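# Chain and residue survey
If you want the building blocks of each chain, they are given just below.
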Amino acid sequence: MDTAPSSPPPTTAPSDRNRRKVATAAALASAVEWYDYFVFGIAAALVLGDLYFPSGSASAGVLAAFATFAVGFLARPVGGIIAGQLGDKRGRKPMLVMALTLMGLATTGIGLLPTYETIGIAAPLLLVVLRILQGIAVGAQWGGAMLMATEYAPEGKRGLYGSLVQLGVPIGVVTANTVFLAAGAFTSDAAFAAWGWRVPFLVGFLVLGLAWYIHTRVEETPEFKAAERALTEKERSEARSPLGIILRRHLGTVFLAGGSFAVNTATFYIIITGVLDYATRELAMERGAVLTVSLCVSLTQLVLIPASAALSDRIGRLRIYALGAAGLLVWAVPLFLLIDTGSLVWLAVGTFVTSCFLSIMYGPQAALFAELFTPEMRYTGASLGYQIAAVFGGGLAPFVMVLLLEATGTSMAVSGYIMGLAVIALVSIRILASRAARAASR
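Residues numbered from 1 in each chain as written. Predicted model: local features only at pLDDT ≥ 70, side-chain atom pairs only at ≥ 80, totals over all residues. Heavy atoms only, no water.

## Observations regarding the overall build of the protein chain
Looking only at helices and strands, one finds 19 helices and zero strands in the protein chain. Against the 2.2 N^0.38 benchmark of 22 Å for 442 residues, the protein chain shows a C-alpha radius of gyration of 21 Å, consistent with a compact globule. Structurally, the protein chain occupies a C-alpha span of about 65 × 45 × 40 Å along its principal axes. In the protein chain, of all internal contacts separated by at least 6 residues, the share reaching a separation of at least 24 is 87%. On the protein chain, roughly 16700 Å² of surface is accessible, and the fraction owed to carbon and sulfur atoms is 66%. (Helix = DSSP H or I, 4+ residues; strand = E, 2+ residues; numbered from the N terminus. Rg over C-alpha atoms; globule rule 2.2 N^0.38 Å. Contact = heavy atoms within 4.5 Å. Areas by Shrake-Rupley, 256 points an atom, 1.4 Å probe, with all protein chains shown as cover.)

Put into structure tokens, the structure is as follows:
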């Protein structure tokens with residue numbers, strides 16, 4: 001099942017060596033960007049509430065920290081719109097470099113930021129500003145990295161090449177958890193709260209070196225160059241707005257893309273951030289052990305994501321995508337029944353199975369979103385679909401989880417939240433599949 005519209009073919013195919021170089025650079029860009037983004041989620045679950053939002057209630061502090069975590073997601077569509085507009089006009093590469101630079105500076109700023117005890121109300125305000133900048137950066141990054149990989153992909157391998165960028169998520173999670181585990185292992189609890197938690201943020205400064213490498217050593221994608229040539233031959237002098245085209249003609253596709261993906265991103269942030277808080281604060285599980293489980297589960301995605309993407313190259317994106325969404329619908333209740341046992345083993349089983357379904361969806365997602373739009377509006381359209389899902393799914397998920405637990409006293413409410421999003425995903429996927437079938441029959 002192919003959702004791809006027609007696009008101008010590049011005049012000369014890039015060499016295999018160049019394809020590999022670009023795909024590796026895009027994957028590394030995604031990994032370091034997500035690392036910088038995820039360290040905030042882990043810190044929000046462990047320390048930021050006490051350090052930047054002091055209150056008499058532990059739940060209130062965590063809610064404030066998770067609300068700040070969610071602010072980054074609200075900013076992601078802004079980054080997607082800005083980078084999408086410029087990326088569809090000026091190229092994928094410069095927007096990716098800009099996103100990496102902004103993320104490196106914002107993450108380092110968080111690592112150096114004084115706490116509430118030191119500078120008062122300015123501390124949480126500055127934390128929110130820096131988190132917004134992180135959100136803008138990651139909103140701009142995903143489309144650039146994804147298109148650098150998929151638009152360089154050889155025929156019949158767009159799903160596999162796109163999955164290399166998707167691997168940035170589990171690599172970012174593994175790296176962020178590893179650095180936090182190391183910081184906790186080599187410091188006392190008091191030292192970790194005082195300065196140890198800052199180390200993972202300061203490591204994020206290294207992203208600037210990768211930004212420079214991509215700026216100086218990586219070429220623009222062949223499909224973008226071909227689209228630019230085609231535009232030149234038609235109406236080069238006529239002003240165009242990719243965002244305007246999307247809003248006028250393809251807004252439904254953007255919302256369907258977002259609806260199909262919200263359950264994936266929401267469930268992902270629930271198991272890597274929400275469950276970390278829930279297991280340590282409510283179930284009294286040891287922080288290092290829960291982080292280790294999260295790290296090991298994420299390692300399995302390094303195999304499952306490219307495997308599901310490669311399968312989608314053979315049998316269709318939407319079939320694989322729907323399988324993952326259906327799995328999340330069925331597994332939502334067993335997941336929290338296992339977590340609520342308070343057993344580390346059952347926590348690992350529950351989150352591992354969840355991770356398998358997430359990987360099945362996430363592998364083909366980059367290629368699927370790229371194929372929903374033509375090259376001249378692809379950066380804007382794909383980014384908006386992804387980031388809308390991130391706002392209403394991922395960004396709010398840990399916050400919603402805490403609210404549901406506080407309001408109902410049962411984790412089954414969180415299972416219901418996941419199931420509701422899974423139903424929306426399956427409906428959206430069904431509509432996209434129907435559209436693809438009608439387009440293929442014309």
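## Quick word on the pattern of salt bridges
Within the structure shown, the criterion is met by eight salt bridges. What you see here is one network of salt bridges that share partners, running through Asp88, Arg92, Glu151 and Arg378. (Salt bridge = Lys/Arg side-chain N within 4 Å of Asp/Glu carboxyl O.)

## Here we look at the packing of helix α13 (residues 251–282) against helix α15 (residues 317–339)
To describe two helices that pack against each other, one gives the angle between their axes and the distance between the axes. For the pair α13 and α15, the least separation of the axes is 10 Å and the interaxial angle reads 25°. Relative to α15, the element α13 is oriented roughly parallel. Relative to α15, the crossing made by α13 is left-handed. Two secondary-structure elements touch here, α13 through Ser260, Phe261, Val263, Asn264, Thr267, Ile270, Ile271, Val275 and Tyr278 and α15 through Tyr321, Leu328, Leu335, Phe336 and Ile339. Partitioned by chemical class, the residues of the contact of α13 with α15 number eleven nonpolar, three polar and no charged. (Axes fitted to C-alpha atoms, helices over the stretch in contact; angles between N-to-C directions. Parallel < 35°, antiparallel > 145°, perpendicular 65-115°, else oblique. Left-handed = near helix turned anticlockwise from the far one by under 90°. Nonpolar A, V, L, I, M, F, W, Y, C, P; charged D, E, K, R; others polar.)

## Considerations on the nonpolar core
Phe38 and Phe369 are the most contacted members of the largest nonpolar core, which totals 113 residues. In contact with Phe369, not counting residues within four places along its chain, are Trp142, Ala257, Ser260, Phe261, Tyr321, Ala382, Gly385 and Tyr386. Formed by 17 residues, the second largest nonpolar core is a distinct cluster that contains Ala29, Leu100, Tyr152 and Ala211. (Core = buried A, V, L, I, M, F, W, Y, C linked by side-chain atoms within 4.5 Å. Buried < 20%, exposed > 50% of the residue type's maximum accessible area, 1.4 Å probe, protein only.)

## Topic: the environment of Ile271
Note on placement: Ile271 falls in helix α13. Among the residues examined, Ile271 registers a relative accessible area of 9% and is labelled buried. Sequence separation between Ile271 and Met285 is 14 residues; the distance between their C-alpha atoms is 15 Å. Among residues more than four places away in sequence, those in contact with Ile271 are Leu335, Thr351, Thr354 and Leu358.

## Things to note about the side chain of Ser355
Secondary-structure assignment places Ser355 in helix α16 (residues 344–371). Look at Ser355 and you get buried, because its relative accessible area is 1%. If near-sequence neighbours (up to four positions away) are discounted, Ser355 is found in contact with Val297, Thr300 and Gln301.

## A look at the confidence of the model for the protein chain
Averaged over all residues, the pLDDT of the protein chain is 85; the fraction at 70 or higher stands at 93%. When mean pLDDT is compared element by element in the protein chain, α15 scores highest at 95, while helix α11 (residues 222–235) scores lowest at 67. Considering only residues more than four positions removed or in separate chains, one finds that residues 1–10, a stretch of pLDDT under 50, has 30 contacts. (pLDDT = per-residue confidence, 0-100.)

## Quick notes on the packing of aromatic side chains
Under the definition given, this model contains ten aromatic pairs. Look at Trp142 and Tyr386: their rings are 4.2 Å apart centre to centre, the planes differ by 25°, and that puts the pair in the stacked class. Of this pair, Trp142 sits in helix α5 (residues 122–150) while Tyr386 sits in helix α17 (residues 378–395), and the two are 244 residues apart along the sequence. Pair check on accessibility: Trp142 and Tyr386 agree, each one buried. Joined through ring pairs, the aromatic side chains of Trp142, Phe261, Tyr362, Phe369 and Tyr386 make up one cluster. Over the ring of Phe40 we find Arg131, and its NZ or CZ is 4.5 Å from the ring centre. Against the face of Phe192 rests Arg287, its NZ or CZ located 4.5 Å from the ring centre. (Phe/Tyr/Trp six-rings, centres within 6.5 Å; stacked < 30°, edge-to-face > 60°. Lys NZ or Arg CZ within 6 Å of the ring centre and 35° of its normal.)

## A short note on the side chain of Thr107
Tracing the sequence through the fold places Thr107 in helix α3 (residues 92–112). A relative accessible area of 0% means that Thr107 is categorised as buried. One polar contact links the side chain of Thr107 to the main-chain carbonyl oxygen of Met103, over a distance of 2.9 Å. Those residues in contact with Thr107 that lie beyond four places of it in its chain are Asp36, Val39, Gln134, Phe201 and Gly204. (Polar contact = N/O pair within 3.5 Å; in protein donor to acceptor, adjacent residues only side chain to side chain.)

## A short note on unusual backbone geometry
With a phi close to 60°, Ala284 is a non-glycine residue in the positive phi region. Note on placement: Ala284 falls in the loop between α13 and α14 (287–315).

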